[in-house]
Amino acid sequence: MSAPTLPPDAAASTPLYRVRGLTRTFGRAGRVKALDGVDLDVSAGQRLGIVGESGSGKSTLIRLMAALDRPTTGSISFEGQEITRLPEPRLGFLRASVQLVFQDPRSSLDPRMTVGSIVTEPLRSRHLRGALGPVQAGVRLREVLDAVDLPPDAAGRYPHEFSGGQRQRIAIARALAPGPRVLIADEPVSALDVSVRAQVLNLLAGLVAANDLTLIFVSHDLAVVRHLCDTVVVLRAGRIDEQGPAEQVFGEPRSEYTRALVSAIPRIRV
Amino acid sequence: MSLLEVSDLTVSFGRRRRVAVDHASFSLEAGQRLGIIGESGSGKTVTALSVMGLLPETAQVAGSVRLAGRELVGLPESQHARLRGDLVSMVFQEPMTALDPTMQVGRQVAEVLRLHAPERSGRARQHVLEMLGRVGLTDAERVADSFPHQLSGGQRQRCLLAMALINSPDLVICDEPTTALDVTVQARVLALLDEVLSAEGAACLFISHDLAVVSQVCSDVLVMLDGDIVEAGPVAKLFTAPEHPYTRGLVATARIDQVRPGERLPTVEDFYPRAEAR
């Protein structure tokens, strides 16, 4: 799939992210190609779903986009600035603008830190302070806890005192604290009970709309992606198999593989 | 007489006797497939483990679990071990931890045969290869000689299924058997499970949090909440006309395909508010 199928207005403006020829190999002599020549544009306000099976390169792609890893070859520019070769101290602008929510809030939150210090940690970062300007940590803490429907007194407590769904709210509050433009969520509800998934998804959708966030949402759950995202990229063995508006990719998938993936979504059969 | 009759099963743990399953009663006929749905901590797995006799020693069990007429509560471990893998077997969620990493999978499947059917174990390898073939592993020879890490997730789960079925048990307990698998692999393993259960005529207790998966495998379903069975019935009725507000909430959240993209998703809380915000 080479023809970009973004909405015309989004294609006209400069994309927020511009990914070209992105390749990441692992192992001796680069035997494992986790990502193999990926081209991708993400425009401001887009809600992009990245789907694919395990090992397809979903997590590798977002780790590279968040500059948590460096590509073997290829380039990523964010707001027009190339990020793949920047040293950490100069990535502050990216760290302030792009925040992540991970799959399992049990392992992504430090059990020895209070919720308050977890959520405000991004604000204390040496590299972020320059990009953020002066921030009242206490004020911001109350704002983001309120935004994720946690009581203000949550700040003094520890992660283990909260349920899975609440912990994921804490992780979302931390991601919101520096006021990012982009939220990258890697399987944010997969580790949660079915009964709380919908709540966290509603919360995410509401926050994305209220704060004009760009959402990059990684999931193996195609039904959730279809609900939340306007565009979809299907990864297979490190390459983009198909991309386009969610409606088209799920409604009329063009590739054989995407069709198989969509038809494998479990549906209630009665 | 039903194949499995659970009555007033109560399981509690520890000195404080925290109740995990609270007076649960249900029965399962030969060849019937019953799904158990509920969130983590609702008692699904503890119920299954009490049928398997695999509860930890800290568990206190009361009530009755009768399998093919035999009372399992209070049964000595040595006797329970004889039933396990023979009359009743189990497929676990994570095949990588359920298989022994240091042993070729063919030998692991053969072990079940050797323990329970010594008269067949002379030609064990032949039986194992045949069983691996029946669970859709086309290159049974190679798979049998492989170690678990050399196989894909789907192949490992098929091996567990072969191990669970080789002694033609009357009851197979599946605890989230496809949760760790990719969707396309999940679809294939579920189709296979359906096929082999029918072929063997085995009954199945199928634990899952995924209502769609349960609806594809089971004819009947139980809903567990905080150790209680709050609703039970045929899949067709329970998923179209659920009565308990918690079930209504679960069914509504599982119907994500019926919500227009961008609209608010229904939550369980909309139907069944609970004191503690989760």
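Now for a description of the structure that goes with this document.

Rules and cut-offs
Residues numbered from 1 in each chain as written. Chains lettered and ligands numbered in written order. Predicted model: local features only at pLDDT ≥ 70, side-chain atom pairs only at ≥ 80, totals over all residues. Heavy atoms only, no water. Contact = heavy atoms within 4.5 Å. Buried area = accessible area lost by both parts, 1.4 Å probe. Salt bridge = Lys/Arg side-chain N within 4 Å of Asp/Glu carboxyl O. Helix = DSSP H or I, 4+ residues; strand = E, 2+ residues; numbered from the N terminus. Nonpolar A, V, L, I, M, F, W, Y, C, P; charged D, E, K, R; others polar. Pairing = 2+ DSSP bridges. Axes fitted to C-alpha atoms, helices over the stretch in contact; angles between N-to-C directions. Buried < 20%, exposed > 50% of the residue type's maximum accessible area, 1.4 Å probe, protein only. Arc of directions from axis to C-beta. Polar contact = N/O pair within 3.5 Å; in protein donor to acceptor, adjacent residues only side chain to side chain. Core = buried A, V, L, I, M, F, W, Y, C linked by side-chain atoms within 4.5 Å.

## Quick word on the interface of chain A and chain B
In many reports, interface size means the accessible area that the parts give up when they come together.
Phase 1: Each partner contributes to the interface: chain A provides 27 residues, whereas chain B provides 38 residues.
Phase 2: Contact between chain A and chain B buries roughly 2700 Å² in total, counting both sides, with carbon and sulfur atoms accounting for 59%.
Phase 3: Here chain A is connected to chain B by zero salt bridges.
Phase 4: Those elements giving two or more residues to the side of chain A that touches chain B turn out to be α8 (164–176), α9 (194–210), α10 (222–228) and α12 (256–263) of chain A.
Phase 5: It is α9 of chain A that contributes the most residues to the side of chain A that touches chain B, eight residues altogether.
Phase 6: Residue composition of the side of chain A that touches chain B, grouped by class: 12 nonpolar, nine polar and six charged.

## A look at the sheet that holds strand β8 (residues 214–218) of chain A
Residues and elements named next belong to chain A.
Phase 1: Taken together, the six strands give an open sheet; going across it, the order is β6-β7-β8-β3-β9-β10, and neighbouring strands pair in mixed fashion. Looking along the sheet, the strands with just one partner apiece sit at the ends: β6 (98–101) and β10 (239–245). Put simply, the sheet's adjacent strands are angled 15 degrees from each other on average, direction ignored.
Phase 2: Here α8 sits on the sheet in contact with β6 and β7 (182–186), set at roughly 175 degrees to β6.
Phase 3: Taken strand by strand, α12 contacts β9 (231–236) and β10, and its axis lies near 105 degrees from that of β9.

## Side note on α12 of chain A
For an α-helix, the turn length of 3.6 residues means that residues three or four places apart are oriented alike.
Phase 1: Considered for burial, the residues of α12 of chain A that qualify are Tyr257, Thr258, Leu261 and Val262 of chain A. For α12 of chain A, the angular spread of buried residues about the axis comes to 130 degrees, placing them on one side. Opposite the buried face of α12 of chain A, by more than 90 degrees, sit the exposed residues Glu256 and Ser263 of chain A.
Phase 2: Contacts made by the buried residues of α12 of chain A are with α10, β9, β10 and α11 (246–251) of chain A together with α8 (183–200) of chain B.

## Re the side chain of Ser146 of chain B
Residue and element names in this part refer to chain B.
Phase 1: You can see Ser146 is positioned in the loop between α6 (140–144) and α7 (153–165).
Phase 2: With relative accessibility at 4%, the residue Ser146 sits in the buried group.
Phase 3: A distance of 2.7 Å separates a polar atom in the side chain of Ser146 from the backbone oxygen of Arg142.
Phase 4: Filtering out sequence-adjacent residues up to four positions away, Ser146 remains in contact with Gln104, Val105 and Leu151.

## Points about the nonpolar core
Phase 1: With 58 residues, the main nonpolar core has Val119, Val148, Ile170, Ile172, Phe217 and Val232 of chain A as its most contacted residues.
Phase 2: It is α9 of chain A that provides the largest number of residues to this core, a total of eight residues.
Phase 3: One finds Met163, Val172, Leu192 and Val221 of chain B within the second-largest nonpolar core, a separate group that totals 56 residues.

## Examining the environment of Ala171 of chain A
Residue and element names in this part refer to chain A.
Phase 1: Mapped onto the secondary structure, Ala171 falls in helix α8.
Phase 2: Sequence spacing of Ala171 and Val115 is 56 residues, and the spatial spacing of their C-alpha atoms is 9.3 Å.
Phase 3: Ignoring any residue separated from it by four or fewer positions in sequence, one finds Ala171 in contact with Val101 and Leu109.

## Description of the pairing of strand β3 (residues 33–37) of chain B
Residue and element names in this part refer to chain B.
Phase 1: Along β3, five of the five residues are buried, which leaves the element largely enclosed by surrounding structure.
Phase 2: Alternating positions in β3 separate into two faces, Arg33, Gly35 and Ile37 on one and Leu34 and Ile36 on the other, with burial throughout.
Phase 3: As paired elements, β3 and strand β8 (residues 203–207) share four bridges and run parallel to each other. Looking at the pairing, Gly35 lines up with Phe206 of β8.
Phase 4: Sheet analysis places β3 next to strand β9 (residues 220–225), joined by four bridges and oriented parallel.

## Some details on the pattern of salt bridges
All names here are of chain A.
Phase 1: Under the defined criterion, the tally for this structure stands at 25 salt bridges over all chains.
Phase 2: The closest approach of N and O atoms between Arg140 and Glu143, which form a salt bridge, is 2.6 Å. Of this pair, Arg140 and Glu143 both sit in helix α7 (residues 137–147), three residues apart, which is roughly one turn of that helix.
Phase 3: With a relative accessible area of 40%, Glu143 lands in the partly exposed category.
Phase 4: Beyond isolated ion pairs, a larger network of salt bridges with shared partners links Lys33, Asp36 and Arg239.

## Section: the environment of Val65 of chain B
Residues and elements named next belong to chain B.
Phase 1: Residue placement: Val65 occurs in strand β4 (residues 59–67).
Phase 2: Owing to a relative accessible area of 0%, Val65 belongs among the buried residues under this scheme.
Phase 3: Measuring from C-alpha to C-alpha, the distance between Val65 and Ser7 comes to 6.5 Å, with 58 residues separating the pair along the chain.
Phase 4: Val65 has contacts with Leu4, Glu5, Val6, Leu9, Val51, Arg70, Glu71, Leu72 and Val73, leaving out every residue within four places of it along the chain.

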